[in-house]
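Residues per chain, in single letters:
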Amino acid sequence: TAGAPAPARTRDPLVISHRGASAYAPENTLAAVDRADALGFDWVENDVQLTKDGVLVVIHDTDLKRTTDAEAVFPGRAPWAVKDFTAAEIARLDAGSWFGAQYTGARVPTLRQYLERIGHNRQNLLLEIKSPEIYPGIERATLRVLRQEGWLDSSHVRDRLVIQSFGANSLRTVHKERPDVVTGLLGTPAVADLPSYAEFTDEINPSYTSASGTYVAAVHALKGPHHKRLRVNVWTVNNRAHALRVAGYGVDGIISNAPDVVRKATAIR
Ligand code: G3P
Ligand code: CA
């Protein structure tokens, strides 16, 4: 059934560059955040994981095969899991040439290097703690680096940082350690379970394929730990039709590899 027409939108959704502007530059590299910056996007999403020696690095897959030359540089180290390599080893890898020859020499950044670059660019961060079940202690390690780099100062915490994860327990830990930090739960929990998540999370961030106007309204009906309405950011929306569809759901933000395409589609004139 069609139901009542959705009310007219009064503002544009926030557009967040997924792994940087990853349609145009190798994902999760400094080149990708610089490309987002050049396109005029101040929110970037990334993924953080821990190396064998406990350094936070910015990479999506839990192994190095797809986005680096690890198999060639370290033959015999199958399955090339991030957690089995030191930061110094990962720093030797090429994380750009798989995407295009002009990016040869791009590196897997450490979280510290990444924060310094986006700080320089004056960008804001939606940081994903990736696969926390593999990395005991990753929440405290992440908070430590964020604090040391000034990202837990009050102005950053208020306006410039969100920590998200598919791991609800990971977010519970973040919230317990630093109740001031804004958090987002990835996935589409059942509506009946949303109030329990709202005790420690400020955003529910589902795949756009599992979202709907009804679901967004159910999330919006709740308040998070900071007494504000819960927000919804959907991922990963890369074309005009999907952008228009999710904007119609009333989402707060759209996470995209091609943020320029989404902004063009959803800008209210
Ligand atoms: O930001 C949401 C999105 O990144 C979650 O999925 O697999 O791309 O990290 P994934
Ligand atoms: Ca992610």
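Residues numbered from 1 in each chain as written. Chains lettered and ligands numbered in written order. Predicted model: local features only at pLDDT ≥ 70, side-chain atom pairs only at ≥ 80, totals over all residues.

1. Focus: the overall build of the protein
Definition in use: Each helix corresponds to a stretch of at least 4 residues labelled H or I by DSSP, and each strand to a stretch of at least 2 residues labelled E; elements are numbered beginning at the N terminus. The size measure is the radius of gyration over C-alpha atoms, and the globule rule it meets is 2.2 Å times the number of residues to the 0.38 power. Three exposure classes are used, based on other C-beta atoms lying within 10 Å of a residue's own C-beta, which is placed from the backbone: buried for 20 or more, exposed for 12 or fewer, and partly exposed in between. By definition, residues are in contact whenever their C-beta atoms, placed on the basis of the backbone, come within 7 Å of each other.
Of regular secondary structure, the protein possesses 11 helices and 9 strands. Scaling as 2.2 N^0.38, a compact globule of 269 residues should have a C-alpha radius of gyration of about 18 Å, and the protein matches this with 18 Å. Its C-alpha atoms give the protein principal-axis dimensions of about 60 × 40 × 35 Å. A buried classification covers 45% of the 269 residues belonging to the protein. Partitioning the contacts of the protein with sequence separation of at least 6, the portion at a separation of at least 24 is 59%.

2. Concerning the environment of Asp 61
Mapped onto the secondary structure, Asp 61 falls in the loop between β3 (56–58) and α2 (70–73). Overall, the presence of 18 C-beta atoms within 10 Å leaves Asp 61 in the partly exposed class. Put simply, Asp 61 and Ser 196 are 135 residues apart on the chain and 30 Å apart in space, counted from C-alpha to C-alpha. When sequence neighbours within four positions are dropped, the list of residues in contact with Asp 61 reads Arg 66 and Thr 67.

3. What to know about the pairing of strand β9 (residues 253–256)
Test applied: Strand pairing requires that DSSP identify at least two bridges connecting the strands. Think of it like this: strands point away, you trace from the first strand over the helix to the second, and a clockwise trace means the crossover is right-handed.
In β9, alternate side chains face the same way, and those of Gly 253 and Ile 255 on one face and Ile 254 and Ser 256 on the other are all buried. With 4 bridges joining them, strand β1 (residues 14–18) and β9 adopt parallel strand pairing. Across the sheet, residue Ser 17 finds its bridge partner in β9, namely Ser 256. When strand β8 (residues 231–234) meets β9, the two strands line up parallel, connected through 2 bridges. Each bridged residue has a counterpart across the sheet, and for Asn 233 the counterpart in β9 is Gly 253. For the crossover that starts at β8, traverses helix α10 (residues 240–249) and ends in the parallel β9, the hand is right-handed.

4. Describing the nonpolar core
Using the following cut-off: We call a set of buried Ala, Val, Leu, Ile, Met, Phe, Trp, Tyr and Cys residues a nonpolar core when their C-beta atoms link them within 7 Å.
Counting residues in each nonpolar core, the largest one holds 70 residues, and the members touching the most others are Val 57, Leu 161, Val 234, Val 237, Val 246 and Ile 254. At 5 residues, the largest contribution of residues to this core is made by helix α1 (residues 30–38). Here Val 234 is in contact with Asn 205, Pro 206, Ser 207, Tyr 208, Ala 211, Val 246, Val 251, Ile 254 and Ile 255, once residues within four sequence places are set aside.

5. So, the environment of Ala 217
Here Ala 217 lies in helix α9 (residues 213–220). Its 14 C-beta neighbours within 10 Å are what place Ala 217 among the partly exposed residues. In sequence terms Ala 217 and Arg 231 are 14 residues apart; their C-alpha atoms lie 9.9 Å from each other.

6. Some details on the UniProt feature "domain: GP-PDE" (unreviewed entry) in the protein
Applicable threshold: UniProt positions are given in the numbering used here, feature names are shortened, and annotations may be inferred rather than shown by experiment.
In the numbering used here, UniProt assigns the feature "domain: GP-PDE" (unreviewed entry) to residues 13–266. Split by type, residues 13–266 is 34% helix and 17% strand. Its first and last C-alpha atoms lie 7 Å apart.

7. Points about helix α5 (residues 138–148)
This is how it is decided: The reported arc concerns the directions from the helix axis to the C-beta atoms and nothing else.
For α5, the set of buried residues is Ile 138, Glu 139, Thr 142 and Leu 146. One side of α5 holds all its buried residues, which, seen down the axis, span an arc of 100°. Every exposed residue of α5 that faces more than 90 degrees away from the buried side is listed here: Arg 147 and Gln 148. Where α5 is buried, its residues contact β2 (43–50), β3, β4 (124–129) and α7 (168–177).

8. Re α9
Where α9 is concerned, the buried positions are Tyr 215, Val 216 and Val 219. With its buried residues spanning 100° around the axis, α9 presents them on a single face. On the buried face of α9, the contacting elements are α8 (194–197), β7 (203–205), β8 and α10.

9. Points about the pairing of strand β5 (residues 161–165)
Side-chain positions along a regular strand alternate between the two faces of the sheet. With 5 of 5 residues buried, β5 is to be regarded as a mostly interior element. Every second residue of β5 is oriented toward a common face, with Leu 161, Ile 163 and Ser 165 on one face and Val 162 and Gln 164 on the other, all of them buried. Pairing of β4 with β5 involves 4 bridges; the strand directions are parallel. Bridged to Glu 128 within β5 is Gln 164. One ladder, built from 4 bridges, connects β5 with strand β6 (residues 182–186); its direction is parallel. Bridged to Gln 164 within β6 is Gly 184. With α7 bridging β5 and its parallel neighbour β6, the resulting β-α-β unit is right-handed.

10. A look at unusual backbone geometry
Backbone torsion omega between Ala 78 and Pro 79 reads 5°, so that peptide bond is classified as cis. For Pro 79, the location among the structural elements is in the loop between α2 and α3 (87–91). Going from Trp 235 to Thr 236, the amide bond is cis rather than trans, its omega being -20°. Along the chain, the position of Thr 236 falls in the loop between β8 and α10. For Arg 122, which is not a glycine, the phi torsion comes out positive at approximately 60°. Here Arg 122 shows up in the loop between α4 (111–121) and β4. The exposure class of Arg 122 is exposed, given the 9 C-beta atoms found within 10 Å.

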